[in-house]
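Given next are the chains, with one letter for each unit.
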Amino acid sequence: MSNLRATIVGCGLIGSLHAQILHERSGVELVAIADQDEQTAQSLGQKLGVPSYTDFASLLANHQVDLVVVATPEQHRLEPTRLAMEHGAALLLEKPLGTDLAAADEVISLLNGYEHPVGVNFILHADGRYATMRDQVRAGAVGQVASTFARRRGTKLGIEKYAPWTDLLLSTAIHDLEMMLAINPSPLVRVYAEGVQRLCAPYGNEDAVVATLKFADGAIASLDTSWTLPGTQPEPLDPAFHVVGDQGGIFIDGSSHGMRVISEDAYRHPDMTHWPMLPYGMGGALTNAVRLFVEAVQNGSAATPLTTLAQARRAHMVVDALKESLAQERSVTVEDTGPTQAGAGA
């Protein structure tokens, strides 16, 4: 079998991680990478030993590709998606799909009827703990879900890197919101949010948000998310996800897998979950997500991707509703048709 020819457009933090994973993977040839910033593109290209471009159309004109990862900022998802479709490539799109639901719908509409594999990268579905929790809850292991709680607390580094062009709900909390939707069997009916604007006030966005969700079957969910803690926080991203039902519960805490590192000047809980740099290469949920999508493309599989466009759209719908609640200082009714039951093990 010939190697799968892959490329990345958008080589920021997440895009560069995708590039490294594909570069390390057997059976995949990373043929080139693209980023509109010349220094970013050249630096990553030199590191991985592949050609770099500032213009994605030029890359596609010079290289045959089977798989495109679109990891551009969400303001620039549509055009690279269209270009990749013109070349018949499988598409792995980073979340979010756009700056709001309307922008996400443009991408989804563009992809309607596309005959090649398409997935959206919500990596909680590739974290073994969350995937197991999801499947056990769907199978009735906790009985009827009564409440769900999610926490995702980052440091001020999130504000420094992301607040100028995105926001806390869209970039970070959307992971947990999508998982809440994935495990609850009934439609969402109402949301409410309160937020704090201090450090992010110049950007018109929140430093911290607390939100509640109400489902049609009576289940409730709550979210606590922020990116205000100092860099001395032991765990760079402090997540939790708790599900309580009438016959049991499942509880996920942290991302260090119990690892603690103490030195003379720091105490850390290193992230061993999302994209840890291991002695034998990159591991974690992002590597799992890329591997599963690559295998589906290589095998010509019609398997449902970890997260579908329909699932991604529901998550965007909730983010938009929460932002409306923040702006209007009231609860917001949501028109939701219910879960799509995608994801491994569904």
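Preceding this paragraph is the structure being described.
Sequence positions are assigned chain by chain, starting from 1 and proceeding in written order. Local features are withheld for residues below a pLDDT of 70 in this predicted model, meaning they are given only at 70 or higher, and side-chain atom pairs are given and counted only at 80 or more; totals for whole chains, interfaces and linings count all residues. The side-chain figures draw on all heavy atoms in the structure; neither hydrogens nor water molecules are used.

Caption draft 1: Region of the structure containing the overall build of the protein. A run of H or I in DSSP counts as a helix once it spans at least four residues, and a run of E counts as a strand once it spans at least two, with each numbered from the N terminus. Along the protein, the regular secondary structure elements total 10 helices and 17 strands. Based on C-alpha atoms, the radius of gyration is set beside the globule rule, defined as 2.2 Å times the residue count to the power 0.38. Here the protein has a C-alpha radius of gyration of 20 Å; the compact-globule value for 346 residues is 20 Å, and the two agree. Overall size of the protein, expressed as C-alpha extent along the three principal axes, is 55 × 55 × 40 Å. In the protein, which comprises 346 residues, the proportion classed as buried is 52%. One way to put it: in the protein the 24 positive side-chain charges average out to a point 5 Å from where the 39 negative ones average out. In this scheme, a residue with accessible area under 20% of its type's maximum is buried, one over 50% is exposed, and one in between is partly exposed, where area comes from a 1.4 Å probe on protein chains only. Note on charges: Lys and Arg go in the positive column, Asp and Glu in the negative column, and His and the chain ends are not counted at all. Just so you know, the charge point we use is NZ for Lys, CZ for Arg, CG for Asp and CD for Glu.

Caption draft 2: Region of interest: unusual backbone geometry. In this chain, Lys95 is followed by Pro96 through a cis amide linkage whose omega measures -10°. Looking at where Pro96 falls in the secondary structure, it is placed in the loop between β5 (90-94) and α5 (101-111). One non-glycine residue, Glu329, adopts positive backbone phi at about 55°. Mapping Glu329 onto the fold places it in the loop between α10 (309-328) and β17 (332-333).

Caption draft 3: Representation of the sheet that holds strand β7 (residues 145-155) within the structure. Strand pairing follows a simple DSSP-based rule, namely that at least 2 bridges must link the two strands. A sheet is described by the order of its strands in space; here seven strands give the open sequence β12-β11-β7-β10-β9-β8-β17, paired in mixed fashion. Two strands bound the open sheet, and with one partner strand each, they are β12 (249-253) and β17. Both strand β11 (residues 238-245) and β12 contribute to a ladder of five bridges, which runs antiparallel. Bridge pairing links Val243 to Ile250 in β12. Where helix α6 (residues 128-138) meets the sheet, its contacts fall on β7, β11 and β12, and the angle it forms with β12 comes to roughly 165°. Along the sheet face, helix α8 (residues 168-183) touches β7, β8 (188-196), β9 (208-215), β10 (220-229) and β11 and points at about 155° away from the line of β10. In this analysis, two residues are considered to be in contact whenever any of their non-hydrogen atoms come within 4.5 Å of each other. Angles run from 0 to 180 degrees between N-to-C directions of axes, and those axes are lines fitted to C-alpha atoms, restricted for helices to the stretch in contact.

Caption draft 4: Spotlight on the side chain of Asn184. Within the fold, Asn184 resides in the loop between α8 and β8. According to the relative accessible area criterion, Asn184 is buried, its value standing at 0%. Polar contact criterion, stated in full: a pair of N or O atoms within 3.5 Å, where within protein one must be able to donate a hydrogen and the other to accept it, and residues adjacent in sequence count only if both atoms are side-chain atoms. A distance of 2.8 Å separates a polar side-chain atom of Asn184 from the backbone oxygen of Met180. Non-local contacts of Asn184, meaning those with residues more than four positions away in its chain, are made with Val145, Thr148, Phe215, Ala219 and Pro339.

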